[in-house]
Amino acid sequence: MEKLTELKNVVSDSYSYIRKYKQQSGKKAVGYSCSYAPEELIWAGGALPVRLFSANENIHLADTHLQSYCCSLVRGILEEALANRLDFIDGVVFPHTCDSFQRLSDIWRLNIADQFHIDIVLPVKLDTPSAKQYLQEVLEKFRKDLGKALDVEITDAMLTDSIKTYNKIRSLIIKLYELRSKNPQLISGVDFHAVIKAAMIMDRDYFLEALSEIIAQLEKTGAGEAKTGVRKIVLSGSVCSHPDIYGVIEEAGGVVVWDDLCTGYRYFEGIMDEKINPIEAITERYLNRVICPAKHLQLRRRGENLISLVKNSAAEGVVFLLLKFCDPHAFDYPYIKEMLEKANIPCMLLDVETELPPIGQLQTRFETFIQIL
Ligand code: SF4
Ligand code: SF4
C-alpha cells in the first residue's frame, strides 16, 4: 500500500521530512509536546504543528538541567533540543499540564535560543463554573501571541477551516480504530502506530488525503476472517513511542484493539462544533474530551472511560504502559485498577523508560498475562 509506506517513511525520518516540507512550502514549524496544545490554531496560522518526542537515544545533556527522576519523555525532548537536532523548529508552545512539562518550558525558554516560546496556562480544574470563560480567554490570548509570532492575523474563518480539517482527520482515525477493533488483522499494530504518529507530524491536508486513501483501500481489500483465540487488549498510559510493543503483544497471542493513550485515542477523541465561534468550539472539546491525569474533571471519569473503552471494543484486559517517574499517571493507577477489578477486567502494569525491557522478558510477561484472560 503506497500511501501507508509513505507515512511509515515519514515517521522513520520525521526530521528530514519536516526540513524538506519547510523548504518546499516556505512554512514555519511549531513544536508542541502535549495533546493540550491547540494545534488547530497553529495550522490555521499557516504553520506546521510538530509533536516533539524523545528520540530514545542516550540522554546526557538534559541531565545537567533535569533530575534523573523526571520522566524520560521530558528529558528526551530536552535532549533533542540541547543536541541541536530540532534546529528546524521556529517556535514552541507549552500548555501547562504536569509539573515536568512546566519545568521543561522554563528550562527551554532559558536555554534554547532563536525561536519563539509561548506558554498556555490552561485551567487545572475543568469542571468549575469559571473554567469555560477562563479557557476561552487563554485561547484568545494564544491566538494573538501566535499571530504575532507568525506575523499573521488568525481570523475566525481561517480557524474554522482548520477545525474542519482536524474534524475530518479525527473522524477518519476513529473509523480506522473501529475497523481495526473489528478485525485487527486489517493493519498491523506497528503500521497503525505509524499512521497515528504521522498525524502529529505531517502536512495535515496531505495526511488527510493519504489517510482517506489508506482507509478506502483497507475497506476494499479487507483482511479475511478475524483470527480466533487472540486476546484483545486495551493499552492505557501517556505517550507511547514504542511501536515494538504491538508486535510483542501479537507474538504473545494478544492484540491491541483500542487504547487510552495521549498519543492515541485521547488525542483524536472529540469532534468540534463547526457552526459556533471557533474558539468556543476548541474550548468545548477540551472541557469534554477524555482528560489526562494532569487535569481534573470528576474524580472517577478516567476509570469510567477506560471501562467503557474495554467494553465497547470487546477487549478482555488492559495493559498500563507507565512511563517511569510519571507522577500524574502513577497517582491515577491505584483507583483505576480498583475500578477495573470491580468490573472483572484483568490488568497488568508495565513500567517503561526510553527503551523497552528486553523483548524476551517482555514477551514472557505478556504471555503470562494473556494466559489469564
Ligand atoms: S499525558 Fe497529559 S500532560 Fe502528558 S503529554 Fe499527554 S496530555 Fe500532556
Ligand atoms: S504526564 Fe507523565 S509522561 Fe507526560 S510529561 Fe508529564 S510526567 Fe511525563
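You'll find the structure just up there.
Report on the accompanying structure. What you see is a predicted model; the values in this text were computed from it and never measured. (Residues numbered from 1 in each chain as written. Chains lettered and ligands numbered in written order. Predicted model: local features only at pLDDT ≥ 70, side-chain atom pairs only at ≥ 80, totals over all residues. Heavy atoms only, no water.)

## Structural notes on the pairing of strand β7 (residues 317–323)
This is how it is decided: Buried, partly exposed and exposed residues are distinguished by accessible area as a fraction of the type maximum, computed with a 1.4 Å probe on protein chains only: under 20%, between the cut-offs, and over 50%, respectively. Helix and strand assignments follow DSSP, with helices taken as H or I runs no shorter than four residues and strands as E runs no shorter than two, numbered in order from the N terminus. A pair of strands is treated as paired once DSSP finds two or more bridges between them. A crossover gets the label right-handed when its path from the first strand over the helix to the second runs clockwise, viewed with the strands pointing away from the viewer.
The buried count for β7 comes to 7 of 7 residues, which makes it a mostly enclosed element. By the alternation rule, side chains of β7 split into Gly317, Val319, Leu321 and Leu323 and Val318, Phe320 and Leu322, which are all buried. Where strand β5 (residues 231–237) and β7 come together, 5 bridges link them in parallel fashion. Within the sheet, the bridge partner assigned to serine 236 lies in β7 and is phenylalanine 320. With 6 bridges joining them, β7 and strand β8 (residues 347–352) adopt parallel strand pairing. Its bridge partner being in β8, phenylalanine 320 is matched across the sheet by leucine 349. Between the parallel elements β7 and β8, the chain passes through helix α14 (residues 327–342) in a crossover that is right-handed.

## Considering a negative patch on the surface
To be explicit about the condition: Candidates for patches are residues over 30% relative accessible area with no salt bridge; among them, like charges are joined within 9 Å and nonpolar side chains (Val, Leu, Ile, Met, Phe, Trp, Tyr) within 5 Å. Per-residue and other accessible areas were derived by the Shrake-Rupley procedure at a 1.4 Å probe size, with only the shown protein chains allowed to occlude residues. Salt bridges, as used here, are contacts in which a Lys or Arg side-chain nitrogen is within 4 Å of a carboxyl oxygen on Asp or Glu. Positive charges come from Lys and Arg alone, negative charges from Asp and Glu alone, with His and the N- and C-terminal ends not counted. Taken as the charge location is NZ of Lys, CZ of Arg, CG of Asp or CD of Glu.
Residues Glu2, Asp205, Glu209 and Glu213 make up a contiguous surface patch of negative charge. Looking at the negative patch, the element that brings in the most residues is helix α9 (residues 204–221), giving 3 residues. Topologically, glutamate 209 is positioned in helix α9.

## A word on the site of ligand 1
So the rule is basically this: Residues are classed as near a molecule or strand on a simple rule: at least one heavy atom within 4 Å of it. Note on residue classes: Ala, Val, Leu, Ile, Met, Phe, Trp, Tyr, Cys and Pro are nonpolar, Asp, Glu, Lys and Arg are charged, and everything else, Gly too, is polar.
Looking at ligand 1, the residues that line it are Ser33, Cys34, Ser35, Tyr36, Arg51, Thr97, Phe101, Ser238, Cys262, Arg266, Cys292 and His329. By residue class, the composition of the shell around ligand 1 is 5 nonpolar, 5 polar and 2 charged.

## Observations concerning unusual backbone geometry
You will see that asparagine 84, though not glycine, has its phi angle at about 65 degrees, which is positive. Relative to the helices and strands, asparagine 84 resides in the loop between α4 (72–82) and β3 (91–95). Exposure remark for asparagine 84: the relative accessible area of 55% places this residue in the exposed category. The backbone of alanine 314 shows a phi angle near 55 degrees, a positive value even though the residue is not glycine. Summarising the element assignment, alanine 314 is placed in the loop between α13 (301–312) and β7.

## Observations concerning the packing of aromatic side chains
Worth spelling out the cut-off: In summary, the pairing rule links any two rings of Phe, Tyr or Trp, Trp by its six-membered ring, whose centres are within 6.5 Å, and it sorts them by plane angle into stacked for under 30 degrees, edge-to-face for over 60 and tilted for everything else.
In total, this model carries 10 aromatic pairs according to the counting rule given. Centre to centre, the rings of tyrosine 17 and tyrosine 21 are 6.0 Å apart; their planes meet at 15 degrees, and the pair counts as stacked. One end of the pair, tyrosine 17, and the other, tyrosine 21, are both in helix α2 (residues 14–25), 4 residues apart, so they sit about a helical turn from each other. Given the relative accessible area of 17%, tyrosine 17 is considered buried. Relative to tyrosine 286, the ring of tyrosine 36 lies with its centre 5.5 Å away and its plane at 45 degrees, an arrangement referred to as tilted. In this pair, tyrosine 36 is assigned in the loop between β1 (29–32) and α3 (39–44) and tyrosine 286 in helix α12 (residues 278–288), connecting sequence segments 250 residues apart. There is no split in this pair, since tyrosine 36 and tyrosine 286 are both buried. Put simply, the rings of Tyr177, Phe192, Trp258 and Tyr265 touch in pairs and so form one group of aromatic residues.

Bear in mind that shape data such as this cannot, by itself, settle questions of function.
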